Amino acid sequence: MSPEANSAPRSLAESLRMRDDASLAALLRSRPDLITPVPTDLTQLATRAGTRASVLRALERLDRFALQTAEALAVAPDPASYGTLLGLMAGDAGDSAVAAALPRAVAVLREQALVWGDDDRLRLVRTAQELLAPSAQHPSPTGLGPSVQEATSGMSPGRIQEIVACAGLPSTHDSVSAVTALTALFTDRRKMAKLLAQAPDASREVLSRLVWGPPYGQVTPEPAAHLRWLLDRGLLLPTAPGTVVLPREVALHLREGRAHRAPEPRPPAVEPTATHGAQVVDATAAGQAYTALATVEELLKDWDEGGPAVLRAGGLSVRDLKRTAVALDVSEPVAAFWIELAYAAGLLASDGEADERYAATPAHDEWLDQPPAERWARLAQAWLTATRTPGLIGGRDAKDRTLSALGPGLDRSAAPEVRHRVLTLLAGLPAGGAPAAEAVLARLRWERPLRGPRPDDGEDLRSRLTRWTLAEAELLGVTGRGALSAHGRALLGATVAGHARGAESSGPGDKLPVHHRPAAPAEPLTAAEQAVAAGAAARLLAPLLPEPLDHVLLQADLTAVAPGPLRRPLAETLGVLADVESKGGATVYRFTPASVRRALDAGRTATDLHAFLTAHSRTPVPQPLAYLIDDVARRHGHLRVGAASAYVRCDDDALLNEILADKRSAALRLRRLAPTVLATQADPAALLEGLRAMGYAPAAESAEGDVLIARAHAHRTPPRTAPEPVPDGPPPPDATLLTAAIRAIRAGDLAATTPRKPTGAVPAPGELPRTGSAETLATVQAAVLTGEALWIGYVNAEGSASQRVIAPIRVEGGFVTAYDHTADEVRTYPLHRITGVAELEE
């Protein structure tokens with residue numbers, strides 16, 4: 001046997017042992033579940049890499065071509081040479097694109113420890129083989145059936161000999177050689193072509209229907225002649241009563257050697273279908289960003305005094321969602337998006353009271369004090385990293401319960417990854433380029449192909465997340481007219497650079513444009529990097545947002561027009577004094593007696609209102625508006641309502657007589673207590689509303705007789721943190737953790753694999769050495785004198801056992817001080833915690 005053959009790995013553990021640190025780091029980075037917790041050695045790492053859950057997670061993160069390569073290996077001989085795999089992927093005629101892309105796919109499978117071995121002995125890990133190999137219960141994604149050997153495993157020797165004879169082969173002495181001869185016939189292209197040329201047309205039609213799968217068919221106890229022809233020659237083999245299968249070798253001949261009908265070596269291109277000017281895109285996105293800020297502010301203002309009640313099961317009721325949608329003048333799905341966005345940004349939460357309601361958080365007040373661009377960056381960053389998915393609202397969970405806004409069950413761990421990937425694809429296009437949604441969907445399906453059956457609606461979660469991402473990015477102002485804006489690019493920060501770096505080193509795909517290259521894993525952004533990216537986005541957006549105005553235009557029809565966004569104090573005061581009549585590029589406010597009375601109830605006087613309007617109007621105050629304010633102010637507070645249950649008092653007894661005589665006051669059941677006082681059993685609030693409905697302007701008063709100022713009291717929750725994203729498994733390890741983990745794994749592997757001198761009792765693999773305390777002490781003392789290294793078993797104070805290789809330096813006071821090769825440092829160990837020692841070979 002050649003030296004090269006002797007150096008070939010015989011197991012996945014040996015294959016991992018032959019890797020360098022950079023290769024191990026790439027494995028742990030791509031499969032972070034393998035490092036939680038850190039394996040003790042490479043054997044344990046290989047065992048963990050072969051578990052079903054870990055292999056499933058790794059397969060689900062392969063791109064389509066890498067997955068097709070793994071599927072081809074599952075139907076190839078075990079082990080398979082690279083040439084055999086290439087034949088299965090490229091077919092007999094050869095496919096240059098497949099041949100060019102296959103090295104990258106094999107490298108990806110090797111990197112993720114799904115495939116091991118040299119090019120002449122490629123092996124798929126056993127769990128992946130079981131998941132991808134064809135069986136009657138789980139058909140192969142390739143559409144291939146079992147091999148001849150597998151399909152004939154339960155067949156009688158006599159029947160096998162009959163098939164061999166009908167196929168024109170000489171009889172053999174045993175079933176094994178007969179199956180081997182039949183397999184050789186089916187894999188010989190020339191002989192198979194000659195055999196199939198003799199088949200009836202109906203027989204060839206049956207084979208054509210089964211060739212691309214599923215390979216199983218039904219036959220009657222007395223099959224037709226064309227089926228009998230196939231059964232007699234083993235071109236169809238029985239698997240169960242009434243069921244036959246097309247053997248894998250026959251199907252591969254009919255497919256001209258291809259395992260897949262349509263290999264996809266290259267990702268679908270994402271090309272712009274429309275191109276807009278960069279300034280147009282940025283201006284459009286900035287307009288949407290301003291609308292987003294205004295909408296979130298309006299939502300939180302609407303809930304300022306306490307929002308809707310929290311459902312018993314959590315979340316917002318359908319009725320409250322509809323009411324909020326009407327208030328924001330948007331559709332219910334869009335309202336749900338804004339509600340969830342404010343929640344993800346930590347601006348609203350439940351108050352936690354007995355009568356639990358949603359309300360703004362203290363962070364909302366801090367957010368309002370920030371510049372508009374920084375407020376937008378906070379919303380956009382929260383959207384980009386949130387796992388809560390508003391698009392699911394209104395759907396059903398696994399228990400057929402309706403998913404509600406702000407309720408449980410909306411987290412989808414794939415959401416941040418999809419959002420990042422969609423925006424990164426947009427960033428790879430020329431500035432102003434807007435792709436078709438279907439092109440983005442096709443690209444993401446190639447990068448993460450769905451395994452298993454599709455949902456009833458025909459679209460998997462990642463596809464729906466992609467559509468929602470494109471729509472939400474437009475709503476939020478990350479994109480404009482379907483193209484990524486400049487501040488949207490900045491928001492991605494190092495993520496785009498990470499993707500580009502990964503794509504640049506993607507092997508055969510190096511010559512492809514960025515938007516054609518296979519996906520590369522992006523390095524996660526730290527909190528500091530996210531802050532830098534958000535700051536850069538805010539700086540780019542700030543010049544594009546309109547400057548707040550300090551004036552309005554008063555008109556004679558009792559309206560005021562705000563030609564743009566207003567400064568906050570002006571907007572807040574005007575929001576009390578007038579009602580918003582219409583929104584858009586310009587906001588129209590309507591002055592009414594009720595709105596003026598609202599301002600007076602808030603403690604303003606007529607003089608204050610006249611001065612306010614004069615100071616902030618670019619047009620003279622119209623006479624009708626001045627008369628309206630004076631008229632309401634003259635009547636405001638003339639009637640005083642207090643608690644008796646409730647009473648009305650007025651110095652003008654004629655006015656009280658007028659109220660009593662009015663038929664509309666019958667429901668209030670007023671009665672006179674004194675010439676200037678009326679009383680009722682209704683509460684003061686109901687009495688105030690009743691009198692205002694009759695056209696009066698009463699004022700509430702305190703027990704001391706002072707007028708009560710009815711300012712709105714903002715309701716705030718206790719301090720709340722924004723909801724934490726729900727990760728999809730453990731997060732990717734950073735460089736520091738990777739370095740420490742690899743060092744620990746290498747050291748543990750050294751301790752586990754270092755040759756020991758033969759002793760009477762040889763511990764089993766992975767078992768700690770066991771020696772008595774006297775023998776342990778004597779062996780350690782001898783090692784101090786000779787300078788030799790020892791293999792020890794050690795149990796720490798927490799009861800965790802480990803193997804270590806140490807070079808003892810001194811022994812005293814029941815402790816041994818030694819250089820620990822496992823930890824690469826000098827350590828001290830209590831002798832009573834050492835389970836045993838063994839000497840190492842030279």
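Residues numbered from 1 in each chain as written. Predicted model: local features only at pLDDT ≥ 70, side-chain atom pairs only at ≥ 80, totals over all residues. Heavy atoms only, no water.

### Details of the overall build of the chain
- Looking only at helices and strands, the chain features 35 helices and 25 strands.
- Taken over 842 residues, the chain has a buried fraction of 46%.
- Of all intrachain contacts in the chain linking residues separated by at least 6 positions in sequence, the fraction that spans at least 24 positions is 67%. (Helix = DSSP H or I, 4+ residues; strand = E, 2+ residues; numbered from the N terminus. Buried < 20%, exposed > 50% of the residue type's maximum accessible area, 1.4 Å probe, protein only. Contact = heavy atoms within 4.5 Å.)

### Notes on the sheet that holds strand E12 (residues 553-555)
- The strand order across the open sheet built from four strands is E12-E13-E15-E14, with neighbouring strands paired in antiparallel fashion. Among the strands making up the open sheet, the edge pair consists of E12 and strand E14 (579-582). In this sheet, adjacent strand axes meet at a mean angle of 30° when their direction is disregarded.
- Bridge count between E12 and strand E13 (residues 559-562): three bridges; the pairing is antiparallel. Counted as the bridge partner of Leu554 is Ala560 from E13. (Pairing = 2+ DSSP bridges. Axes fitted to C-alpha atoms, helices over the stretch in contact; angles between N-to-C directions.)

### Section: the packing of aromatic side chains
- Scanning the entire structure with this criterion turns up three aromatic pairs.
- Plain terms: the ring middles of Tyr794 and Tyr829 are 4.8 Å apart, the flat faces sit at 65° to each other, and that makes the pair edge-to-face. In this pair, Tyr794 is assigned in strand E21 (residues 790-795) and Tyr829 in strand E24 (residues 825-830), connecting sequence segments 35 residues apart. Residues Tyr794 and Tyr829 agree in their burial class; the two are buried.
- The lysine or arginine in question, Arg375, covers the ring of Trp367, its NZ or CZ lying 5.4 Å from the ring centre. (Phe/Tyr/Trp six-rings, centres within 6.5 Å; stacked < 30°, edge-to-face > 60°. Lys NZ or Arg CZ within 6 Å of the ring centre and 35° of its normal.)

### Here's the deal with the side chain of Thr466
- Tracing the backbone shows Thr466 in helix H24 (residues 461-476).
- Judged by relative accessible area, Thr466 falls into the buried class, the value being 0%.
- Sequence-distant contacts of Thr466, defined by excluding residues within four places in its chain, comprise Val418, Val422, Val440, Leu441 and Leu444.

### Considering a negative patch on the surface
- A cluster of acidic residues, Asp651, Asp652, Asp653 and Glu658, forms a negative patch on the protein surface.
- Note on Asp652: relative accessible area 32%, which makes it partly exposed. (Patch = residues over 30% accessible without salt bridge, like charges linked within 9 Å, V, L, I, M, F, W, Y side chains within 5 Å. Areas by Shrake-Rupley, 256 points an atom, 1.4 Å probe, with all protein chains shown as cover. Salt bridge = Lys/Arg side-chain N within 4 Å of Asp/Glu carboxyl O. Lys, Arg positive; Asp, Glu negative; His and termini not counted. Charge placed at Lys NZ, Arg CZ, Asp CG, Glu CD.)

### A closer look at the confidence of the model for the chain
- Scored by pLDDT, the chain comes out at a mean of 84, with 89% of its residues at no less than 70.
- In the model, residues 1-5 has pLDDT below 50 throughout and makes one contact with residues more than four positions away in sequence or in other chains. (pLDDT = per-residue confidence, 0-100.)

### A word on the nonpolar core
- The biggest cluster of nonpolar side chains holds 88 residues, and the ones touching the most others in it are Leu235 and Leu236.
- With seven residues, the single largest contributor to this core is helix H6 (residues 64-74).
- If we skip the residues at most four places from it in the chain, Leu235 touches Phe186, Met192, Leu195, Leu196, Leu207, Trp229, Leu230, Val245, Leu246, Pro247 and Val250. (Core = buried A, V, L, I, M, F, W, Y, C linked by side-chain atoms within 4.5 Å.)

### Let's talk about the sheet that holds strand E22 (residues 801-812)
- Spatial strand order, E24-E23-E22-E21-E25: five strands in an open sheet with antiparallel pairing. Single-partner strands in this sheet number two, and they are E24 and strand E25 (834-839). For this sheet the average axis-to-axis angle between neighbouring strands, irrespective of direction, equals 45°.
- Both E21 and E25 contribute to a ladder of five bridges, which runs antiparallel. In the strand pairing of E25, Ile792 is matched with Val837.
- Packed onto the sheet, helix H35 (residues 773-786) meets E21, E22, strand E23 (815-820) and E25 and runs at close to 65° relative to E22.

### Points about H24
- Here H24 spans 22 Å end to end across 16 residues, near enough to the 22 Å set by a 1.5 Å rise per residue.
- If you check which residues of H24 are buried, you get Arg462, Ser463, Leu465, Thr466, Trp468, Thr469, Glu472, Ala473 and Leu476.
- Against the buried residues of H24 lie helix H17 (278-302), helix H19 (332-344), helix H21 (372-385), helix H22 (415-427), helix H23 (437-447) and strand E10 (479-480).
- N-capping of H24 is provided by Asp460, with a side-chain oxygen placed 3.1 Å from the backbone N of Arg462.
- Note on H24: the residue one or two positions beyond its end, Gly477, has a positive phi of about 90°. (Expected span 1.5 Å × (residues − 1). Polar contact = N/O pair within 3.5 Å; in protein donor to acceptor, adjacent residues only side chain to side chain.)

### Digging into the pattern of salt bridges
- The final tally for this structure, using the stated rule, is 33 salt bridges.
- Across the pair Arg189 and Asp92 runs a salt bridge, and its minimum N-O distance is 2.7 Å. Placement of Arg189 in helix H13 (residues 189-197) and of Asp92 in the loop between helix H7 (82-90) and helix H8 (96-111) is noted, with a sequence separation of 97 residues between them.
- On the basis of relative accessible area, Asp92 is assigned to the partly exposed category, the value being 48%.
- Where Asp631 meets Arg635, a salt bridge forms, and the shortest distance between an N and an O atom there is 3.7 Å. One end of the pair, Asp631, and the other, Arg635, are both in helix H31 (residues 623-635), four residues apart, so they sit about a helical turn from each other.
- Asp631 sits in the partly exposed class, given a relative accessible area of 28%.
- Through salt bridges that share partners, Arg61, Glu417, Arg448 and Arg462 make up one connected network.

### Remarks on the packing of helix H12 (residues 175-187) against H13
- For the pair H12 and H13, interaxial distance at closest approach is 5 Å and the crossing angle is 85°. Classed by the angle they form, the pair H12 and H13 counts as roughly perpendicular. Between H12 and H13, the contacting residues are Leu185, Phe186 and Thr187 on the first element and Arg189, Lys191, Met192 and Leu195 on the second.
- Considered class by class, the residues forming the contact of H12 with H13 number four nonpolar, one polar and two charged. (Parallel < 35°, antiparallel > 145°, perpendicular 65-115°, else oblique. Nonpolar A, V, L, I, M, F, W, Y, C, P; charged D, E, K, R; others polar.)

### Considerations on helix H29 (residues 593-601)
- Taken as a whole, H29 has its buried residues at Ser595, Val596, Arg597, Ala599, Leu600 and Asp601.
- Those residues of H29 that are buried lie in contact with helix H28 (568-577), E14, strand E15 (587-590), helix H30 (606-616), H31 and helix H33 (684-693).
- Gly603, located one to two residues past H29, shows a positive phi value of around 105°.

### Examining the packing of H17 against helix H18 (residues 318-328)
- Running from amino to carboxyl end, H17 crosses H18 at an angle of 125°, the nearest separation of the two axes being 10 Å. Here H17 lies oblique to H18, going by the angle between them. In the crossing of H17 with H18, the sense of the turn from one axis to the other is right-handed. Contact with H17, carried on its side by Thr295, Glu298, Leu299 and Asp302, involves Thr324, Ala327 and Leu328 of H18 and no other residues of that element. (Left-handed = near helix turned anticlockwise from the far one by under 90°.)

### Quick word on the environment of Ala654
- Looking at the element boundaries, Ala654 is found in helix H32 (residues 653-661).
- Classification of Ala654 as partly exposed rests on a relative accessible area of 45%.
- Residues Ala654 and Pro675, spaced 21 residues apart in sequence, show a C-alpha to C-alpha distance of 9.1 Å.

### A closer look at the environment of Leu59
- By secondary structure assignment, the location of Leu59 is in helix H5 (residues 52-60).
- Once the C-alpha coordinates of Leu59 and Ala70 are considered, the two residues, eleven residues apart in sequence, prove to be 8.8 Å apart.

### Examining the pairing of strand E4 (residues 237-240)
- Note that E4 and strand E5 (residues 243-245) share three bridges and pair antiparallel. Paired with Leu237 across the bridge in E5 is Val245.

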